[in-house]
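Coordinates in review
Letter by letter, the chains look like this.
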Amino acid sequence: MLTLRRGLAASRALRRFSTKPNLIPPANLSEGEKLIYDKLTNKFLPTELAVQDISGGCGDFYAIKIASEAFKGLSTLNQHRLVTRVLKQEIEGIHGLQVKTIPPSSES
């Protein structure tokens, strides 16, 4: 019985830790911004995420700022690789992508 209780307590702790943050996408996102926002939210469970079309509205260049526990302990290069890997299909159809990743220890 004691083992079961410990198991349940550990399970609850994991569930609480692994839930998605309550990020609500801004209402004014374009279709392309929303697609990128949703993909990054689903993959990285970010604590902060901003996606902006900085091409003047044509969807050719995006700026992304993302903070996530997934980046903990990784170099900036590897953090960016994770993001671009998730967005590989979208990147094929655009001219540029500006990525700023923030690991948990430096979130501000």
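Heads up: these notes are all about the structure in this document. By convention here, each chain's residues receive numbers from 1 onward along its written sequence. pLDDT decides what is reported in this predicted model: residues at 70 or higher carry local features, side-chain atom pairs at 80 or more are listed and counted, and totals for whole chains, interfaces and linings draw on all residues regardless. Side-chain descriptors were evaluated using all non-hydrogen atoms of the structure, hydrogens and water having been removed beforehand.

Before going further, it helps to examine the nonpolar core. Definition used in this section: a nonpolar core is a set of buried Ala, Val, Leu, Ile, Met, Phe, Trp, Tyr and Cys residues joined via side-chain atoms within 4.5 Å. Burial classification: accessible surface area is computed with a 1.4 Å probe over protein chains only, and a residue below 20% of its type maximum counts as buried, one above 50% as exposed, and the rest as partly exposed. Formed by 16 residues in total, the largest nonpolar core has its most connected members in Leu40, Ile64, Ile66 and Val83. For helices the rule is a DSSP run of H or I covering at least 4 residues; for strands it is a run of E covering at least 2, with both sets numbered from the N terminus onward. Among the elements of the structure, α2 (31-44), β1 (48-53), β2 (61-67) and α3 (76-86) are those that each provide at least two residues to this core. It is α2 that provides the largest number of residues to this core, a total of 4 residues.

This brings us to the pattern of salt bridges. Salt bridges are defined as contacts in which a side-chain nitrogen from Lys or Arg sits within 4 Å of a carboxyl oxygen from Asp or Glu. Summed over all chains, the structure comprises 3 salt bridges. One salt bridge connects Lys34 with Asp38, and the closest N-O pair in it is separated by 3.0 Å. With Lys34 and Asp38 both in helix α2 and 4 residues apart, this pair spans about one turn of that helix. Overall, Lys34 belongs to the partly exposed group, its relative accessible area being 35%.

The next thing to look at is the pairing of β2. Summarising burial for β2: 5 of the 7 residues are buried, a large majority. For two strands to be treated as a pair, DSSP must find at least two bridges joining them. Here β1 pairs with β2 via 6 bridges, running antiparallel. Residue pairing in the sheet places Val51 in a bridge with Ile64 of β2. With 7 bridges joining them, β2 and strand β3 (residues 96-102) adopt parallel strand pairing. Opposite Phe61, over in β3, you have Gly96 as the bridge partner.

The contact between α2 and α3 brings their axes to 10 Å, and the two run at 125°. Between α2 and α3, the interaxial angle falls into the category oblique. In the crossing of α2 with α3, the sense of the turn from one axis to the other is right-handed. In contact with Lys39, Leu40, Lys43 and Phe44 of α2, α3 contributes Leu82, Val83 and Val86. As a working rule, the residues Ala, Val, Leu, Ile, Met, Phe, Trp, Tyr, Cys and Pro are called nonpolar, Asp, Glu, Lys and Arg charged, and the rest polar, with Gly in that last group. Considered class by class, the residues forming the contact of α2 with α3 number 5 nonpolar, no polar and 2 charged. Comment: axis = line fitted to C-alpha atoms, over the contacting stretch for helices; angle = value between 0 and 180 degrees taken between N-to-C directions. Note on terminology: angles under 35 degrees are roughly parallel, angles over 145 are roughly antiparallel, angles of 65 to 115 are roughly perpendicular, and the others are oblique. Two helices crossing with the near one rotated counterclockwise from the far one by less than a right angle form a left-handed crossing, whereas a clockwise rotation gives a right-handed crossing. It only takes one pair of heavy atoms within 4.5 Å for two residues to be counted as in contact.

We now examine α2. In this scheme, a helix's expected span is set at 1.5 Å multiplied by one less than its residue total. Between its terminal C-alpha atoms α2 stretches 20 Å, which fits the 20 Å expected from 14 residues at 1.5 Å a residue. Among the residues of α2, Glu33, Ile36, Tyr37, Leu40, Thr41 and Phe44 are the ones counted as buried. The buried residues of α2 occupy one face: seen down the axis, they fall within an arc of 130°. Exposed and oriented more than 90 degrees from the buried face of α2 are Glu31, Asn42 and Lys43. Looking at the buried positions of α2, the neighbouring elements they touch are β1, β2, α3 and α4 (88-91). Just past α2, the residue Leu45 takes up positive phi, approximately 45°. In this context, the arc is that of the directions from the helix axis out to the C-beta atoms.

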